[in-house]
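Single-letter residue listing:
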Protein chains: 2
Amino acid sequence: MIKQKATNIFWHGGDVTKEDRESALGQKGVVLWFTGLSGSGKSTVARAVEKKLFVAGHHAYVLDGDNIRFGLNKNLGFSPEDRTENIRRIGEVAKLFADAGVITLTAFISPYREDRDLARALLKEGEFIEIYVQCPVEECQKRDVKGLYKKARAGEIKEFTGVSAPYEEPAAPELVLDTAAAALEESAAKVISYLAAKGLIAGHLMPEKR
Amino acid sequence: MIKQKATNIFWHGGDVTKEDRESALGQKGVVLWFTGLSGSGKSTVARAVEKKLFVAGHHAYVLDGDNIRFGLNKNLGFSPEDRTENIRRIGEVAKLFADAGVITLTAFISPYREDRDLARALLKEGEFIEIYVQCPVEECQKRDVKGLYKKARAGEIKEFTGVSAPYEEPAAPELVLDTAAAALEESAAKVISYLAAKGLIAGHLMPEKR
C-alpha cells in the first residue's frame, strides 16, 4: 500500500499522471543509467542501490542482462545495429518505468556515447542520471566473474568491449564510481547521496541518514 | 513512500525479489491484458481501473498505443510479423512491470490468439488476466473515436481489424466486459472486484468497498 506523503494532495480527477505517482511514492521517476566495461560492477552496484532504496521504502527496479537479454531483446545479437537497437529498447523501457514513478536502474555496458545520448534524450532534464562505473580493464579481466574475458582473449567471443571492441567513456556523466578503489557499500551510498541531494527521494525516508 | 502492510515481514538480505516488492506494495504484480476491437473501450476501461487502483493506494500502470507505438515499438508496422513482434515486446515489458510488483494494464487490440497466449506463457499461473472487451463491430464503428473505421472503409487503412483483418476472440478469458451494455464505472468495478476476489489487492485498502 502506498502511503500519501502529504495529506494536502488532491487528485485532479483526470488520468493518473507521472506526477501523481511520484507524489504517492515520495520519489521521482528517474533513470540511473550505469555504464562501464564488463566486470566493472554495474549490476552489483545497481542491485546494492536497489536494496538500499527498497529498505528505505522506495520503489526501484533494475533492468540488466538477466531480465532483458533473454526476454525483450532475445531477438538481438551483437552486431553494431543490434547493439544500438538493444540500447534503444532499454532506453524506451526505462522511460516507461520512470513514467510509472519507479526509480529505474539500468546496468548495461552501453559502450557507444551516441546510444546513451539517445536514451538520455528520451527523458526530461535531470531525469537521466548517467553513472560511469569506472574500472581499469586489467582489473575487470582479473575479476572475470563470467569468464568472458578469457573467451574473448581466446577469440571465442568476437567484438568484446574493452578487448576487441571500443568503449566510449562518458564525456560528462552525472556520477563516476571507481569500483577498483571504493568498496561496494561506498559506491552504493554515493548514488543514494546523489538522489537525496537532488531531491529525487525524500530525505526523511532514509533511515541510514538518521 | 511505501508503507509495509505488515510489520512482521523481514527482508531476507539478498537481492530484492518480486515477492519483496509485492509485500511492500500490498498487491501482486499481475498483468491485466485487455483485448478487443478498435473502439471497444480497452484504453478507457484500463485507465478507469488504473484510477481506481491509484486512489485506493495501489501502484498500477497502463501500457497502450500512446506510450508504446511512438516509443518502444516505433520501428514496427502492421505486417503480420510486425504485429506479432509488437505483441511479443509488449508481453515482455508487461512481464518486467509485473516483476517490479506493478499491477500492469495493457490495452492493445492484440487480435491473434497465438500472440496473446505467448504473452500469457511468459507469466506464472494466475498472473496473466485476459480481459475481453466485447463490443459489436457496428457499435465500435458508430463510436469511431479516432476516425479509423471511416478510413478503413474508404480503403485508406489496409488490414484493419474487424473490417479487413480478423479478430480472434479469446477462448477462455478470465473476464469479459460488455462495453456496449455496461457503463464504464460498472466495467471498471468488475475488474477491481476480480482483483480483490483473487486476493491480488488487499481488500481493506479499497475505500470503495467499505
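Values in this document were obtained by computation on a predicted structure and should not be read as measured data.

### As for helix 1 (residues 18-25) of chain B
Part 1 of the argument: Most of helix 1 of chain B is tucked away: 6 of the 8 residues are buried.
Part 2 of the argument: Looking at helix 1 of chain B, one finds that the buried residues are Lys18, Asp20, Arg21, Glu22, Ala24 and Leu25 of chain B.
Part 3 of the argument: In the core, the buried residues of helix 1 of chain B are packed alongside helix 2 (42-55) and strand 2 (60-64) of chain A together with helix 4 (80-99) of chain B.
Part 4 of the argument: With its phi angle positive at about 70°, Gly26 of chain B sits one or two positions after the end of helix 1 of chain B.

### Overview of the relation of the copies chain B and chain A
Part 1 of the argument: Each copy superposes on the other: chain B lies on chain A with an RMSD of 0.0 Å after a rotation of 180° and an axial shift of 0.0 Å. One copy is carried onto the other by what is essentially a two-fold rotation axis.
Part 2 of the argument: Of all interface residues in chain B, 100% are interface residues in chain A too; the two copies therefore contact each other through one and the same surface.

### Brief notes about the sheet that holds strand 1 (residues 31-35) of chain B
Sheet strands pair via backbone hydrogen bonds, and the direction of the pair is either parallel or antiparallel.
All names here are of chain B.
Part 1 of the argument: Taken together, the 5 strands give an open sheet; going across it, the order is 2-3-1-4-5, and neighbouring strands pair in parallel fashion. Only two strands of the sheet have a single partner each, and these edge strands are strand 2 (60-64) and strand 5 (175-178). Neighbouring strand axes in the sheet, compared pairwise and without regard to direction, differ in orientation by 20° on average.
Part 2 of the argument: Inspection of the sheet shows strand 1 paired to strand 4 (residues 128-134) by 5 bridges, in the parallel sense. Bridge pairing links Trp33 to Glu130 in strand 4.
Part 3 of the argument: Each of strand 1 and strand 4 touches helix 5 (residues 113-121); the most contacted strand, strand 4, lies at about 150° to it.

### Thoughts on the interface of chain B and chain A
Part 1 of the argument: Each partner contributes to the interface: chain B provides 41 residues, whereas chain A provides 41 residues.
Part 2 of the argument: The contact between chain B and chain A buries some 3900 Å² in all, and 65% of this surface belongs to carbon and sulfur atoms.
Part 3 of the argument: The interface formed by chain B and chain A holds 4 salt bridges in total.
Part 4 of the argument: A salt bridge links Arg21 of chain A to Glu50 of chain B; its shortest N-O distance comes to 2.8 Å.
Part 5 of the argument: Here chain B is connected to chain A by 15 residue pairs in polar contact (both at pLDDT 80 or more).
Part 6 of the argument: Those elements that place two or more of their residues in the side of chain B that touches chain A are helix 1, helix 2 (42-55), strand 2, helix 3 (65-72) and helix 4 of chain B.

### What to know about helix 8 (residues 184-197) of chain A
Since one α-helical turn is 3.6 residues long, residues separated by three or four positions face the same way.
All names here are of chain A.
Part 1 of the argument: Counted at 1.5 Å a residue, the expected span for helix 8 with its 14 residues is 20 Å, and the 20 Å between its end C-alpha atoms agrees.
Part 2 of the argument: Along helix 8, the residues that are buried comprise Ser187, Ala188, Val191, Ile192, Tyr194 and Leu195. Buried positions in helix 8, seen along its axis, are confined to an arc of 155° and lie on one side of it. Across helix 8 from its buried face, at more than 90 degrees, point the exposed residues Glu186 and Ala197.
Part 3 of the argument: Lining the buried residues of helix 8 we find strand 1 (31-35), helix 2, strand 4 (128-134) and strand 5 (175-178).

### A look at the pattern of salt bridges
All names here are of chain B.
Part 1 of the argument: Here the structure, examined in full by the defined rule, presents 32 salt bridges over all chains.
Part 2 of the argument: A salt bridge links Lys18 to Glu127; the nearest nitrogen and oxygen atoms lie 3.0 Å apart. You can see Lys18 sitting in helix 1 and its partner Glu127 sitting in the loop between helix 5 and strand 4, a full 109 residues away along the chain.
Part 3 of the argument: A residue is classified by how much of its surface remains accessible, and Lys18, at 11% relative accessible area, is buried.
Part 4 of the argument: Residue Glu50 pairs with Arg47 through a salt bridge whose shortest N-O separation is 3.6 Å. Of the two residues, Glu50 and Arg47 both sit in helix 2, 3 residues apart, roughly one turn of that helix.

### Some points on the packing of aromatic side chains
Part 1 of the argument: Overall, the coordinates contain 9 aromatic pairs over all chains when judged by the stated rule.
Part 2 of the argument: Ring plane angle 10° and centroid distance 5.2 Å describe the contact between Tyr61 of chain A and Phe97 of chain A, whose orientation is recorded as stacked. Linking Tyr61 of chain A in strand 2 with Phe97 of chain A in helix 4 (residues 80-99), this pair joins segments that are 36 residues apart in sequence.
Part 3 of the argument: Summarising the aromatic geometry, the rings of Phe97 of chain A and Phe97 of chain B are spaced 3.8 Å apart at their centres and angled 10° between planes, so their arrangement reads as stacked. Taken together, the positions of Phe97 of chain A in helix 4 and Phe97 of chain B in helix 4 put the pair across two chains.
Part 4 of the argument: Overall, Phe97 of chain B belongs to the buried group, its relative accessible area being 0%.
Part 5 of the argument: Linked through ring pairs, Tyr61 and Phe97 of chain A together with Tyr61 and Phe97 of chain B together constitute an aromatic cluster.

### Observations regarding the sheet that holds strand 4 of chain A
Residues and elements named next belong to chain A.
Part 1 of the argument: Here we have 5 strands laid out as an open sheet, ordered 2-3-1-4-5, and parallel in their pairing. Looking at the sheet topology across the chains shown, the edges are occupied by strand 2 and strand 5. Across this sheet, the average inter-strand angle for adjacent strands is 20°, counted without regard to direction.
Part 2 of the argument: Pairing between strand 1 and strand 3 (residues 103-107): 4 bridges, direction parallel. What sits directly across from Phe34, in strand 3, is Ala107.

### Quick look at the pairing of strand 1 of chain B
Part 1 of the argument: Most of strand 1 of chain B is tucked away, with 5 of its 5 residues classed as buried.
Part 2 of the argument: By the alternation rule, side chains of strand 1 of chain B split into Val31, Trp33 and Thr35 of chain B and Leu32 and Phe34 of chain B, which are all buried.

### Quick word on the confidence of the model for chain A
All names here are of chain A.
Part 1 of the argument: Model confidence for chain A is summarised by a mean pLDDT of 90, while 90% of its residues fall at 70 or above.
Part 2 of the argument: A low-confidence stretch, residues 1-9 (pLDDT under 50), is modelled with 23 contacts involving residues beyond four sequence positions or located in other chains.
Part 3 of the argument: Across the assembled chains, the prediction reports ipTM 0.91 with pTM 0.91.

### Details of the packing of helix 3 (residues 65-72) of chain A against helix 4 of chain A
Residue and element names in this part refer to chain A.
Part 1 of the argument: At a minimum axis distance of 12 Å, the contact between helix 3 and helix 4 shows a crossing angle of 115°. Considering their axes alone, helix 3 and helix 4 lie roughly perpendicular with respect to each other. The hand of the helix 3/helix 4 crossing is right-handed. For the pair helix 3 and helix 4, the contacting residues are Ile68, Arg69 and Leu72 in the first and Asn86, Arg89, Ile90 and Val93 in the second.
Part 2 of the argument: Classifying every residue of the contact of helix 3 with helix 4 gives 4 nonpolar, 1 polar and 2 charged.

So, how was this worked out
- Residues numbered from 1 in each chain as written.
- Chains lettered and ligands numbered in written order.
- Predicted model: local features only at pLDDT ≥ 70, side-chain atom pairs only at ≥ 80, totals over all residues.
- Heavy atoms only, no water.
- Buried < 20%, exposed > 50% of the residue type's maximum accessible area, 1.4 Å probe, protein only.
- Helix = DSSP H or I, 4+ residues; strand = E, 2+ residues; numbered from the N terminus.
- Contact = heavy atoms within 4.5 Å.
- Least-squares fit on C-alpha atoms with pLDDT ≥ 70 in both.
- Pairing = 2+ DSSP bridges.
- Axes fitted to C-alpha atoms, helices over the stretch in contact; angles between N-to-C directions.
- Buried area = accessible area lost by both parts, 1.4 Å probe.
- Salt bridge = Lys/Arg side-chain N within 4 Å of Asp/Glu carboxyl O.
- Polar contact = N/O pair within 3.5 Å; in protein donor to acceptor, adjacent residues only side chain to side chain.
- Expected span 1.5 Å × (residues − 1).
- Arc of directions from axis to C-beta.
- Phe/Tyr/Trp six-rings, centres within 6.5 Å; stacked < 30°, edge-to-face > 60°.
- pLDDT = per-residue confidence, 0-100.
- Parallel < 35°, antiparallel > 145°, perpendicular 65-115°, else oblique.
- Left-handed = near helix turned anticlockwise from the far one by under 90°.
- Nonpolar A, V, L, I, M, F, W, Y, C, P; charged D, E, K, R; others polar.

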